[in-house]
There are 2 protein chains.
Amino acid sequence: MDLKAHIRDIPDFPEPGIVFRDITPLLKEPDALHFVIDSLADVFGPSQIDYVCGIESRGFIVGAPLACKLSCGFVPIRKPGKLPAAVHSCAYTLEYGTNSLEIHQDAFASGSGCRVLIVDDLLATGGTAAAANMLVEKAGGTLVGFGFIIELTFLGGRLRLPGDVPVAVLVSY
Amino acid sequence: MDLKAHIRDIPDFPEPGIVFRDITPLLKEPDALHFVIDSLADVFGPSQIDYVCGIESRGFIVGAPLACKLSCGFVPIRKPGKLPAAVHSCAYTLEYGTNSLEIHQDAFASGSGCRVLIVDDLLATGGTAAAANMLVEKAGGTLVGFGFIIELTFLGGRLRLPGDVPVAVLVSY
């Protein structure tokens, strides 16, 4: 499927000079949405994932259906102050600005060593994904891979991700 | 399934006097997550839904898998400034504070009259859900129902929702 045909370019969003890759046209097409989830499930199905971590907010839209498809648990990685119980935090820089992310300290079953997949809609500079990886480690998880719909290859985000796990991307710019 | 056993009470979050119903323990249990999605799909499967609208952020976690399960499109209803193209806006009051929500003006296929289900994790005062309903109407959709994991019945949110569509709730407090 030509996913790019379902992704819309919005110039100068959220800031001048940025071309925003808008996935809402993709999400509203049932076939395209299914294709995204099925494609990532095909890549990671054999990896015996225990938890899919979705990064707030668009990562939830990809991660939650993928968790259902893989019959895994879903764990939200959220912006500061949103998770109500005790959290681990990690600050990061992103394509336009800085932020931090949090994960519940008890996100994964105790005993741990569980196998975790991190999912987001977009790999840009890799700052968000690297922070998510740090949070998964802090919470006792073992990272098994990353899954994204889109990679902005010119930003080199892959270089900030650990080299020893697969990174699945469905569309590259 | 006893979903309440997977929902955790967090006192005084996000403000003193509020008991927050935390669904993260539910989300990380594959059986419980499947049960939620399957239960809502059972209710609305016969309704020929075209689009599931999820309300940012936790509504994405419920809405996106439900859209996949029902083979519908998924449409995000987001906080201000997040959607990159032209939007409709609606201000609302919520359990603790005020906010506004936005939907893309072209969220639904043109010609419209499409059948829309609004989904969120929680029905509290109903302000968020009523705003979402207004946005669906502005964008040309026809509301077919609401789906929530949790209803806080003592807040009377149902009274703010239109009386002529079904409201599915899996857990009541």
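Please read all numbers here as calculations on a predicted model, not as lab measurements.

Draft legend 1. Spatial organisation of unusual backbone geometry. Residue and element names in this part refer to chain A. In the segment running from Glu 56 into Ser 57, the intervening peptide bond is cis, with an omega of -10°. When you line up the elements, Ser 57 lands in the loop between β3 (51–55) and α3 (58–70). The phi torsion at Asp 12 lies on the positive side, around 60°, for a residue other than glycine. Relative to the assigned elements, Asp 12 resides in the loop between β1 (8–11) and β2 (19–22).

Draft legend 2. Region of interest: the sheet that holds strand β8 (residues 142–151) of chain A. All names here are of chain A. Read across the open sheet, the 5 strands follow the order β4-β3-β7-β8-β9; overall the sheet is parallel. Looking along the sheet, the strands with just one partner apiece sit at the ends: β4 (73–77) and β9 (167–172). When the angles between neighbouring strand axes are averaged without regard to direction, this sheet yields 20°. Of the pairings in the sheet, the one linking β3 to β4 comprises 5 bridges and is parallel in character. Among the inter-strand pairings, Ile 55 is bridged to a residue of β4, identified as Ile 77.

Draft legend 3. The arrangement of the relation of the copies chain B and chain A in detail. Laying chain B over chain A is done by rotating through 180° and shifting 0.0 Å along the axis; what remains is an RMSD of 0.0 Å. Here the copies are linked by what is in effect a two-fold axis. Within chain B, the C-alpha atom positioned nearest to the axis of rotation is that of Pro 65 of chain B, 2.1 Å from it. A shared interface surface links the copies, since 100% of the contact residues of chain B are contact residues in chain A too.

Draft legend 4. Here's a closer look at the environment of Gly 147 of chain A. Residue and element names in this part refer to chain A. Relative to the helices and strands, Gly 147 resides in strand β8. On the accessibility criterion, Gly 147 (0% relative accessible area) is buried. Considering only alpha carbons, one finds Gly 147 and Gly 59, 88 residues apart in sequence, at a separation of 9.7 Å. Excluding residues that lie within four positions of it along the chain, Gly 147 makes contacts with Leu 40, Phe 44, Leu 117, Ile 118, Val 119, Asp 120 and Ala 168.

Draft legend 5. Molecular detail of the pattern of salt bridges. Per the stated rule, a full pass over the model turns up 16 salt bridges over all chains. Here Arg 158 of chain B ties to Glu 151 of chain B by a salt bridge, and the two come within 3.0 Å at their closest N and O atoms. Owing to a relative accessible area of 7%, Glu 151 of chain B belongs among the buried residues under this scheme. Residues joined in a network through salt bridges with shared partners are Arg 8 and Asp 22 of chain A together with Asp 106 of chain B.

Draft legend 6. Structural context of the interface of chain B and chain A. Between chain B and chain A, the contact holds 39 residues from the first and 39 residues from the second. With both sides pooled, the region where chain B packs onto chain A buries about 3,000 Å², and carbon together with sulfur makes up 62% of that total. Its largest share of buried area at the contact with chain A, chain B owes to Lys 28, Cys 68 and Pro 84 of chain B, together 20% of the area lost on that side. Remark: the boundary between chain B and chain A carries 2 salt bridges. When the shortest N-O distance is used, the salt bridge between Asp 106 of chain A and Arg 8 of chain B registers 2.6 Å. In this structure, the connection of chain B to chain A is made through 15 residue pairs in polar contact (both at pLDDT 80 or more). Broken down by element, the side of chain B that touches chain A gets its largest block of residues, 7 residues, from helix α3 (residues 58–70) of chain B. Here the side of chain B that touches chain A is built from residues that sort into 23 nonpolar, 7 polar and 9 charged.

About the thresholds
Residues numbered from 1 in each chain as written. Chains lettered and ligands numbered in written order. Predicted model: local features only at pLDDT ≥ 70, side-chain atom pairs only at ≥ 80, totals over all residues. Heavy atoms only, no water. Helix = DSSP H or I, 4+ residues; strand = E, 2+ residues; numbered from the N terminus. Pairing = 2+ DSSP bridges. Axes fitted to C-alpha atoms, helices over the stretch in contact; angles between N-to-C directions. Least-squares fit on C-alpha atoms with pLDDT ≥ 70 in both. Contact = heavy atoms within 4.5 Å. Buried < 20%, exposed > 50% of the residue type's maximum accessible area, 1.4 Å probe, protein only. Salt bridge = Lys/Arg side-chain N within 4 Å of Asp/Glu carboxyl O. Buried area = accessible area lost by both parts, 1.4 Å probe. Polar contact = N/O pair within 3.5 Å; in protein donor to acceptor, adjacent residues only side chain to side chain. Nonpolar A, V, L, I, M, F, W, Y, C, P; charged D, E, K, R; others polar.

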